[in-house]
Amino acid sequence: MDFLFNDYVFQVMTITGINIIIVLGLNLITGVTGQLSLGHSAFMSVGAYCSAIIMIKFAVPFYLSITIATIVSGFIGALLGMPILRLRGDYLAIATLGFAEIVRVIFLNLKVTGGALGVSSIPYETTLSTVYIILAFGILFMYRFEKSRFGLALRSIREDEIAAEMMGINIARYKVLAFTIGSAFAGLGGALYAHQITFIAPDDFGFMKSVEFISMLVLGGMGSIIGVIAGVIGLTVIPEVLRFASEYRMVMYGIVLLAMMIFRPQGLFGKIRVNL
Amino acid sequence: MFETIVHQLLNGLIVGSIYALIALGYTMVYGILRLINFAHGEIFVVGAFAGLLATMIFGDSFIIAIIFASITSVLLGLFVERVAYRPLRDSKTSTIVFSAVGLFAIVFVAFLSQNTIFDLLTSILFWLGVLFLVAIILWLVRSKSYLKSRSSNSRINALISAIAMGIVISNMIALIKGPDREVYPKLIPEVMFNVFGITVSLLQLFIISFSFVLMVILYIVVNKTKVGLAMRAVSYNLVAAKLMGINPDKIISFTFAIGSLLAAIAGVLVGTYYNIVDINVGMMYGLKAFIAAVLGGIGSIPGAVIGGVILGVVEVMGVAFISPSYRDAIAFGILIFILIVKPTGLFGSNTKEKI
């Protein structure tokens, strides 16, 4: 049984859970509301740094610290969302990408975040059960949210923005709402990640990380919670299995993504296709 | 003080003309396909390395380096278009093309991994097995409804496909030549001029004037020739252009070829200017050039040039007078600012959304 129940497997499972939380947030922004975001890792980094720093500096309890990190990320998501969400499609995607790069450069240059060295010796608090209990609540929340009036409004924005506006939906408000909640999920995941890995540096949250999240979402299928879970498990476990061929890992990853786009663009479980 | 400013202005102009050369590839492809070609930055790096390889084989000749780099990059650009973007537009040949490319990739990866894990034959068999499994899974889950309606609203798929292609190419480069930086030879003789008390090297003058000449040639090609007319027609309305007897696939390939050619030349110029070439710069140069294209108004050729120069000058000035560590933040700050203030860029045309 050691083959199945060892620290390595537990760690992979924990990271999988954290990634599902983060991609659930991205799913709300990109899958449900149809706003492509290429800067999701920035909110993850905000949550991670926020929780790590306040816990080290002020010795606040773990749960308070991750709650604060979640709220701060959500707030920053809202702040960013207000000006840029009137952009559409590609323009929104590159604006979020630019924002993520700016956040990375700021973390790289601030004193409190330790620059390129990052923050180390973060208290180890995230256990497997913590992650999965939070994840269960996260999935329940997302499921109910998508079925609610808000979720319906978000989906109508995805399907046709102009028609949604005609029906009296305040597009700007709903987009900011989706962005806020999505960013908060990313921040929560980031905080959990920081207390699992115990060491964070700005380069952990680069553009490739955002691409990874988008790939997980696309592989599983956009707008579907089952799809999110499947996509994250697939793209977290495959690299671990292919670790023996680690040099070819990224090439294979790219080819899988490419093949997916050509042969089944809506993902494994997706029913919808997002318009840009 | 005055001398510093002029010197920085010159530096900015050089960085800017490099950005402009790369940005032209982005802007032309975007003009026609409405697609951000994320693999373009990698094509630029491949161009730089092909030029380096040429100087190793044939000696330090600028012209041979440029020709060799251009041929390599153009072939790669056409390949990328054929494999990653055309199957998303038209489904007929995608399976055959993809299988052929898959087989090629397998043999290639097998060849590379033969010493590390298995011998060649086992390696080929192993990767063939992987390919076979992937093919079976894809066949099982393939979507029929999608094959019927490959309409224009698949742009997010094209975008992800472009990002995936970028990942594949950049990791292939890393696999083939290893992660180290390489010293680039000086391909232009070092001659210094003194213009009104400011020292200028021949290389600097050459880069600026060569880029300028290339851009003028491109402008003439697009605006005065028959191919250029066809390009503009496809960009304006792909279906209508098809009805007029233009083959859009050919025009799109031509556009990719020109973009890759300019990127390859930019790669050789960057290499010989900084005397060093790094495999990881592709992403950053690509993104910066993309910012330049957006700044000038994406889809517009003069816009890309102006945008590149503005971005280069502002960036270099920011590095000189504010702080070097915020270089990337300045560039992306410009991007967000221009997107909020005027999303269509300086020269972009404003299109109203139709209901």
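From a predicted model like this one, the values you see are computed outputs, not experimental measurements. (Residues numbered from 1 in each chain as written. Chains lettered and ligands numbered in written order. Predicted model: local features only at pLDDT ≥ 70, side-chain atom pairs only at ≥ 80, totals over all residues. Heavy atoms only, no water.)

### Quick look at the overall build of chain B
Rule in force here: Helix and strand labels come from DSSP, where a helix needs a run of H or I of at least four residues and a strand needs a run of E of at least two; each type is numbered from the N terminus. Between two residues, a contact is recorded if the distance between any of their heavy atoms is within 4.5 Å.
When helices and strands are counted, chain B shows 14 helices and four strands. A separation threshold of at least 6 residues defines the contact pool for chain B, and within that pool the share at least 24 residues apart is 76%.

### Examining the packing of helix α2 (residues 40-58) of chain A against helix α4 (residues 89-109) of chain A
Between two packed helices, what matters for the description is the angle formed by their axes and the separation of those axes. Residue and element names in this part refer to chain A. The condition that has to hold: Angles run from 0 to 180 degrees between N-to-C directions of axes, and those axes are lines fitted to C-alpha atoms, restricted for helices to the stretch in contact. Oblique is the label for any angle not covered by the other classes, which are roughly parallel (under 35 degrees), roughly antiparallel (over 145) and roughly perpendicular (65 to 115). Gly falls in the polar group here, along with every residue not listed as nonpolar (Ala, Val, Leu, Ile, Met, Phe, Trp, Tyr, Cys, Pro) or charged (Asp, Glu, Lys, Arg).
Axis separation between α2 and α4 bottoms out at 9 Å; the angle between their running directions is 30°. It follows that α2 is roughly parallel to α4 by the angle criterion. Each of A42, F43, S45, V46 and Y49 in α2 lies in contact with α4, whose residues at this interface are F99, A100, V103 and F107. Within the contact of α2 with α4, the residues separate by chemical class into eight nonpolar, one polar and no charged.

### Comments concerning a nonpolar patch on the surface
Residue and element names in this part refer to chain B. Short version of the rule: Nonpolar side chains (Val, Leu, Ile, Met, Phe, Trp, Tyr) within 5 Å and like charges within 9 Å form the patches, drawn only from residues with over 30% relative accessible area and no salt bridge. Methods summary: accessible areas were calculated by the Shrake-Rupley approach with a probe of 1.4 Å, and residue burial reflects only the protein chains presented. Any carboxyl oxygen of Asp or Glu that lies within 4 Å of a side-chain nitrogen of Lys or Arg is treated as forming a salt bridge with it.
Taken together, the side chains of L53, M56, I57, F58 and I64 present a nonpolar region at the surface, about 500 Å² in accessible area. A per-element tally of the nonpolar patch places helix α2 (residues 40-58) first, with four residues. Take I57: it is sitting in helix α2.

### Brief notes about the packing of helix α13 (residues 301-321) of chain B against helix α14 (residues 327-341) of chain B
All names here are of chain B. Spelled out, the test is: For any pair of crossing helices, the crossing counts as left-handed if the nearer helix is rotated counterclockwise from the farther one by less than a right angle, and right-handed if it is rotated clockwise.
Put simply, α13 and α14 touch, their axes get as near as 9 Å, and they point 140° apart. Judged by the angle between their axes, α13 and α14 are oblique. For the element pair α13 and α14, the recorded crossing hand is right-handed. Counted together, L311, V314, E315, G318 and V319 of α13 and R327, I330, A331 and I334 of α14 form the full contact between these two elements. Here the residues of the contact of α13 with α14 are counted per class, giving six nonpolar, one polar and two charged.

### Quick notes on the nonpolar core
Condition: The set of buried Ala, Val, Leu, Ile, Met, Phe, Trp, Tyr and Cys residues whose side-chain atoms join them within 4.5 Å is what this entry labels a nonpolar core. A simple rule labels every residue: compare its accessible area, found with a 1.4 Å probe on the protein chains alone, to the largest value its type can have, and call it buried under 20%, exposed over 50%, or partly exposed in between.
Of all hydrophobic cores here, the largest spans 189 residues; its most connected members are I200(A) and F38(B). Apart from residues no more than four positions distant in its own chain, F38(B) is found in contact with L38(A), L97(A), F207(A), Y85(B), L159(B), A162(B), I163(B), G166(B) and L287(B).

### Considering the pairing of strand β2 (residues 192-195) of chain B
Residues and elements named next belong to chain B. To keep it simple, the criterion reads: Pairing between two strands is assigned when DSSP locates at least 2 bridges connecting them.
In this sheet, strand β3 (residues 198-201) lies alongside β2 in antiparallel orientation, the contact comprising four bridges. By the bridge assignment for β3, N194 is matched with T199. Adjacent in sequence and paired antiparallel, β2 and β3 are bridged by two residues, among which F196 carries a positive phi angle near 50°.

### Things to note about the environment of Y273(B)
All names here are of chain B. Basically, it comes down to this: Counted as a polar contact is a pair of N or O atoms within 3.5 Å, where, for protein atoms, one must be capable of donating a hydrogen and the other of accepting one, and residues adjacent in sequence contribute only when both atoms are in side chains.
You can see Y273 is positioned in helix α11 (residues 248-274). A relative accessible area of 18% means that Y273 is categorised as buried. Each C-alpha atom of the pair Y273 and L203 lies 7.3 Å from the other, and the pair is 70 residues apart in sequence. Residues in contact with Y273, not counting those within four places in the same chain, are N11, I14, L203, Q204 and I207. Within polar-contact distance, the side chain of Y273 engages the side chain of N11 at 3.1 Å. Side-chain polar atoms of Y273 contact the side chain of Q204, separated by 3.3 Å.

### Some thoughts on the packing of aromatic side chains
As a reminder of what qualifies: Pairing of aromatic rings covers Phe, Tyr and Trp, the last counted by its six-membered ring, and requires centre-to-centre distances within 6.5 Å; plane angles under 30 degrees mean stacked, over 60 mean edge-to-face, and any other angle means tilted. Geometrically, a charge over a ring is one whose NZ (Lys) or CZ (Arg) sits within 6 Å of the ring centre while staying within 35 degrees of the ring normal.
Inspection of every chain in the model, using the stated rule, returns 20 aromatic pairs over all chains. Measuring from ring centre to ring centre gives 6.0 Å for F207(A) and F38(B), while their planes differ by 25°; the resulting arrangement is stacked. Taken together, the positions of F207(A) in helix α9 (residues 207-220) and F38(B) in the loop between α1 (2-33) and α2 put the pair across two chains. Following the ring pairs from residue to residue traces out a cluster consisting of F141(A), F145(A), F150(A), Y174(A) and F185(A). Over the face of the ring belonging to Y174(A) we find R173(A), whose NZ or CZ atom lies 5.4 Å from the ring centre.

### What to know about the confidence of the model for chain B
Residues and elements named next belong to chain B. Applied cut-off: For every residue, the predictor reports its confidence as pLDDT, a number between 0 and 100.
Here chain B shows a mean pLDDT of 81. Residues at 70 or above account for 81%. Taking the mean pLDDT of every element in chain B, the minimum, 43, falls on helix α6 (residues 144-148) and the maximum, 92, on α11. Counting interchain partners and residues more than four positions distant, the pLDDT-below-50 stretch residues 145-153 has 14 contacts. Among the scores for the predicted complex, ipTM is 0.79 and pTM is 0.83.

### Concerning the side chain of T27(B)
Residues and elements named next belong to chain B. Within the secondary structure layout, T27 lies in helix α1. Judged by relative accessible area, which is 0%, T27 ranks as buried. When near neighbours in sequence (up to four residues on either side) are disregarded, T27 contacts A293, G297, I298, G299, S300, I301 and A304.

### Quick word on the side chain of S37(A)
Following the sequence through the fold, S37(A) ends up in the loop between α1 (7-32) and α2. Aside from chain neighbours lying at most four places away, what touches S37(A) is L26(A), I29(A), T30(A), T96(A) and I214(A).

### As for unusual backbone geometry
Its identity is not glycine, yet A59(A) carries a phi of approximately 50°, on the positive side. Within the secondary structure, A59(A) is located in the loop between α2 and α3 (62-84). With a phi close to 55°, R34(B) is a non-glycine residue in the positive phi region. Since its relative accessible area comes to 38%, R34(B) is described here as partly exposed.

### Things to note about the environment of F62(B)
Residue and element names in this part refer to chain B. Mapping F62 onto the fold places it in helix α3 (residues 62-89). In this structure F62 comes out as buried when scored by relative accessible area, which is 12%. Considering only alpha carbons, one finds F62 and T272, 210 residues apart in sequence, at a separation of 9.2 Å. Dropping the residues within four chain positions of it, F62 is found in contact with L187, I188, F206, F210, V268 and L269.

### A short note on helix α8 (residues 171-197) of chain A
All names here are of chain A. Operational definition: Helix span, expected: 1.5 Å multiplied by one less than the number of residues in the helix.
With 27 residues, α8 should reach 39 Å at 1.5 Å per residue; the first-to-last C-alpha distance of 38 Å fits that figure. Of all the 27 residues making up α8, 22 are buried; the element is thus mostly covered by neighbouring parts of the structure. One or two positions beyond α8, positive phi appears at T198, with a value near 65°.

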